[in-house]
Amino acid sequence: MAHTLYRLGRWSVRRRRMVVGTWVALLVAAVVAAGTLSGETSDSFELPGTESQEAIDRLAEEMPGAGGATARVVFQAPAGTTLTAPENAAAVAATVEALAAAPEVVAVVDPFEAMAISEDGTIGFATVSYPVSAPELTDEAKAALAAAPEVARQAGLVVEVGGDALATTPHAGSSEVLGLLAAIVVLLVTFGSVVAAGLPILTALIGVGLGISLITAATGFIDMSSTAPTLAIMLGLAVGIDYALFIVTRHRQLLRTGLTPEESAARAVGTAGSAVVFAGAVVVIALLGLLVVGIPFLSVMGIAAAGTVTVAVLIAITLLPALLGFAGEAIDRLRVPGLRVHTGLGTQRDALGLRWGRFVVRRALPVLLVSLAGLALFAIPASSIEMGLPDDGSKSPEVTERRAYDLLAQGFGPGFNGPLIVAVDASGAADAERAVTAVAEAIAPLDHVAVVSPPTFNEAGAVAIVPVIPTSGPSHPDTAALVDDIRAATRAVAEVTGATASVTGAAALNIDVTDTLADALPVYALIVVGLALVLLTAVFRSVLVPLKAALG
C-alpha cells in the first residue's frame, strides 16, 4: 500500500496540471448536474415494521388528509382578563376568520366552539388544518399563517403559533462557517504559514463542494433526507482538513531533511497517506453500517456522508500532492507575524508531542487509570438520558413555536403537546362502534391518562382515531410507560372484539425508534468493529494493536 501511494503521490506531483484540471472539471460537472438534475429533499420519517408506522400507514389509506400539516394558534388574554371578555373574544374571532381565508387552509377549529379554553379562561387555541404535509406547503400559506395573528396582538393578546406547519428544512449555515473559521485559526497557529494552512482548507472545500453537488444531483433520482447534506458538510470539512493536515505536516518535515518537493510530497503520501486511506476506510465502514439499523433516512444519510468521505480521501492522495508540487519550496512562505513555523523536528521546543508520548509510555498504568476514571465521570449524565425526537419543546424560547408549546403546557398540561393517537381497525368486529368504544374504555382508567377524546370514524365507519392526552410530556418516562400499557390493554380488547388497535404519536415513535436502535446496535457494532479489525490487522500486520484499537 505504501509503495503504491508513493508512486501515486509522485505521479500527481509530476502531472499536477492535469490532476488539478481533472478535479476542477469534476467539480464543475457536479455543480452543473446539481443545478439540472436536483429534486426535492424529504422530511419524512419512517420506521418500517414498527407499530407506530403501521398505524400511520393505515390512517393514510383509510382517512386521507388526517396526516396533513397542522398548526395551533395559541391565545393568552392580557393580565387580569380572560379570553371570554368581549374585546378579547372579538380579537380571537377576527384571527380565526383570517386563518379560514388563508391559502390552502381546509379547516379552522374555533377555540370557543371546541371548548379549547383553559380552566381559568386565560389560554386557548385554534387548530388549523392543511391537506398536505408541511414540506409541501407554499411560502404564501406559511406567510399567511404568520400574519393572521397580528390583529389579536394589536388588541393586546399574546399570540404564538406552533405545530408542524411551520417546520422548515435545515440548511447549513452559521455553525459550519464558524467551524471553518475556527479551523483556519487552528491551522494558522499550527503551521504559522498562510500557504501551509490554506492547502487543507482549500482541498476540504473542494471535496465538500463536489460531495454536496453530487448529493444534490442524486435528489432527482432517490428520496434524500433534508439532513443528509448538513451531515455531509460537517463530516466532509472535518475529515478533509484532518487528512490533508497529516500529509502536509509530514511533507514539511521531509522538506526540512533536504528532500526535493517532489520526493517529499511522494513520501508524505506513501507514509501519512496510508493512515489517511485506512482511517477513511474505517469511517466509511461506520457510516455504511447505518444500513443495518433499518431506518431509511439514516441509511441514506450514511451513504451520502460515506461518499463525501471517500471524495475527501481521494483528494488527499491526488489533488493535495499536486498542489504541494505547485507550492514547492514556498510552502512556509507568507508567515503569520509573531508565530513560529513549527515542523515537529529539530529543536526541543518543537518536540512537545514527543515528550508527551514518552511521559505516557513511562507511566502507562497511572495514565490509563486516570483516563478510565475521566471517562466514567463524563459518562455519568448518560444514566439519566431521555430519548426523544425533536419537537417544538426542544427549540429556543426565542421562536414562536417554543412559546406556543410552553403556553399550551401551562394552560392544558404537559401531555397536551404530545397526544397519542390510537388507530382502531374494527373491520373484523361484529359491531365496529361498540368495539371502538371498548378500546376507549380500556384506555381511560390507565395510569398517566389525562383525557380520552371521543373517537373519529372514517367514511366507511370501520376505522377510527381515538386521541389520548397523557398527563406527562412526550419525552417523559411516564408517557413511554403509558404507551406500553395502552398496547397491552388494546391487545386484550382485540381478543374479545376482533378490533385491532395500534398506537402512534410522538411518544410511540420515540419508543419504536429506541427499540429499533437497540436491536440494531449489536449487529452494527459487530460489523463496524469486525471490519475495522480486519483493516487494522492488514495495516499493522499484528493482532494486539487492532485489538487495543477496538477496545479504545
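Before reading further, recall that the structure is shown in the block above.
Residues numbered from 1 in each chain as written. Predicted model: local features only at pLDDT ≥ 70, side-chain atom pairs only at ≥ 80, totals over all residues. Heavy atoms only, no water.

## Details of the overall build of the protein chain
Helix and strand counts for the protein chain stand at 19 helices and 9 strands. In terms of its C-alpha atoms, the protein chain occupies a principal-axis envelope of roughly 85 × 55 × 45 Å. In the protein chain, the share of contacts with a sequence separation of at least 24, taken over all contacts with a separation of at least 6, comes to 75%. Here the protein chain contributes 30 positively and 48 negatively charged side chains, and the mean placements of these two sets differ by 31 Å. (Helix = DSSP H or I, 4+ residues; strand = E, 2+ residues; numbered from the N terminus. Contact = heavy atoms within 4.5 Å. Lys, Arg positive; Asp, Glu negative; His and termini not counted. Charge placed at Lys NZ, Arg CZ, Asp CG, Glu CD.)

## Some points on unusual backbone geometry
At E104, a residue that is not glycine, the phi angle is positive and equals roughly 70 degrees. Mapped onto the elements of the fold, E104 is located in the loop between helix 4 (86-100) and strand 2 (107-109). Positive phi values are uncommon outside glycine, yet H448 reaches one of about 70 degrees. By secondary structure assignment, the location of H448 is in the loop between helix 16 (432-443) and strand 6 (449-452).

## Focus on the packing of aromatic side chains
Per the counting criterion, the structure on display carries 4 aromatic pairs. Both rings, one in F125 and one in F416, keep their centres 5.0 Å apart while their planes meet at 65 degrees; by these two values the pair is edge-to-face. Of this pair, F125 sits in strand 3 (residues 123-129) while F416 sits in the loop between helix 15 (400-412) and strand 5 (420-425), placing them 291 residues apart in sequence. The buried category is assigned to F125, whose relative accessible area is 9%. Ring centres 5.0 Å apart and planes at 25 degrees place the aromatic pair F412 and F416 in the stacked group. Three or more aromatic residues joined by ring pairs make a cluster, and in this case those are F125, F412 and F416. One residue, R16, lies across the ring of F326, its end atom 5.5 Å from the ring centre. (Phe/Tyr/Trp six-rings, centres within 6.5 Å; stacked < 30°, edge-to-face > 60°. Buried < 20%, exposed > 50% of the residue type's maximum accessible area, 1.4 Å probe, protein only. Lys NZ or Arg CZ within 6 Å of the ring centre and 35° of its normal.)

## Observations concerning the pattern of salt bridges
Scanning the model with the defined rule gives 9 salt bridges in all. Among the salt bridges present, the one from R58 reaches D425, with a minimum N-O distance of 2.7 Å. A residue pair is termed long-range when its members are at least 10 positions apart, and R58 in helix 3 (residues 51-62) and D425 in strand 5 qualify at 367 residues. Salt bridges here are not isolated pairs; linked through shared partners, they connect E51, R487 and D512. (Salt bridge = Lys/Arg side-chain N within 4 Å of Asp/Glu carboxyl O.)

## Thoughts on the packing of helix 2 (residues 16-37) against helix 12 (residues 319-327)
At their nearest, the axes of helix 2 and helix 12 sit 9 Å apart, and the two run at 130 degrees to each other. When the interaxial angle is binned, helix 2 and helix 12 end up oblique. As helix 2 runs across helix 12, the sense of the crossing is left-handed. Judged by residue contacts, R16, R17, V19, V20 and W23 of helix 2 engage L319, A322, L323, G325 and F326 from helix 12. A per-class count over the contact of helix 2 with helix 12 returns 7 nonpolar, 1 polar and 2 charged. (Axes fitted to C-alpha atoms, helices over the stretch in contact; angles between N-to-C directions. Parallel < 35°, antiparallel > 145°, perpendicular 65-115°, else oblique. Left-handed = near helix turned anticlockwise from the far one by under 90°. Nonpolar A, V, L, I, M, F, W, Y, C, P; charged D, E, K, R; others polar.)

## Remarks on the sheet that holds strand 4 (residues 158-162)
Pairing is antiparallel in the open sheet, where 4 strands are placed in the order 2-3-1-4. The outermost strands of the open sheet, each flanked by one partner alone, are strand 2 and strand 4. Within this sheet the neighbouring strands show an average axis-to-axis angle of 15 degrees, counted without direction. As judged from the 5 bridges shared by strand 1 (residues 70-76) and strand 4, these two strands associate in the antiparallel manner. Looking across to strand 4, one finds that R72 is bridged to G162. Lying on the sheet, helix 15 is in contact with strand 1, strand 3 and strand 4; it crosses strand 4 at an angle near 105 degrees. (Pairing = 2+ DSSP bridges.)

## Here's the deal with helix 11 (residues 296-317)
When the terminal C-alpha atoms of helix 11 are compared, their 32 Å separation across 22 residues agrees well with the 32 Å that a helix rising 1.5 Å per residue should span. Burial within helix 11 is extensive, with 16 of its 22 residues counted as buried. (Expected span 1.5 Å × (residues − 1).)

## Observations regarding helix 1 (residues 2-14)
Over its 13 residues, helix 1 extends 18 Å from the first C-alpha to the last, a length consistent with the 18 Å expected when each residue adds 1.5 Å. The set of residues buried in helix 1 consists of L5, Y6, G9, S12 and V13. All buried residues of helix 1 lie within an arc of 130 degrees about the axis, which places them on one face of the element. Residues of helix 1 that are exposed and point more than 90 degrees away from the buried face comprise H3 and T4. Buried residues along helix 1 sit in contact with helix 2, helix 10 (261-288), helix 11 and helix 12. (Arc of directions from axis to C-beta.)

## A short note on the nonpolar core
Among the nonpolar cores identified, the biggest contains 68 residues, and W23, I241, Y243, I247, L320, L324 and I331 are the most heavily contacted of them. Ranked by residue count, the leading element in this core is helix 11, at 13 residues. Look past the residues within four positions of L324 in its chain and what remains in contact with it is L199, I247, V248, H251, A265 and I331. Counting residues in hydrophobic clusters, the runner-up holds 28 residues, among them A429, A432, V493 and A501. (Core = buried A, V, L, I, M, F, W, Y, C linked by side-chain atoms within 4.5 Å.)

## A short note on the packing of helix 16 against helix 17 (residues 477-497)
Where helix 16 contacts helix 17, the axes come no closer than 9 Å and their chain directions differ by 145 degrees. Of the two possible hands of crossing, helix 16 and helix 17 adopt the one that is right-handed. Side by side, helix 16 and helix 17 meet where A435, A438, V439, A442 and I443 of the first sit next to I486, A489, T490, V493 and T497 of the second. Taken together, the residues that form the contact of helix 16 with helix 17 break down as 8 nonpolar, 2 polar and no charged.

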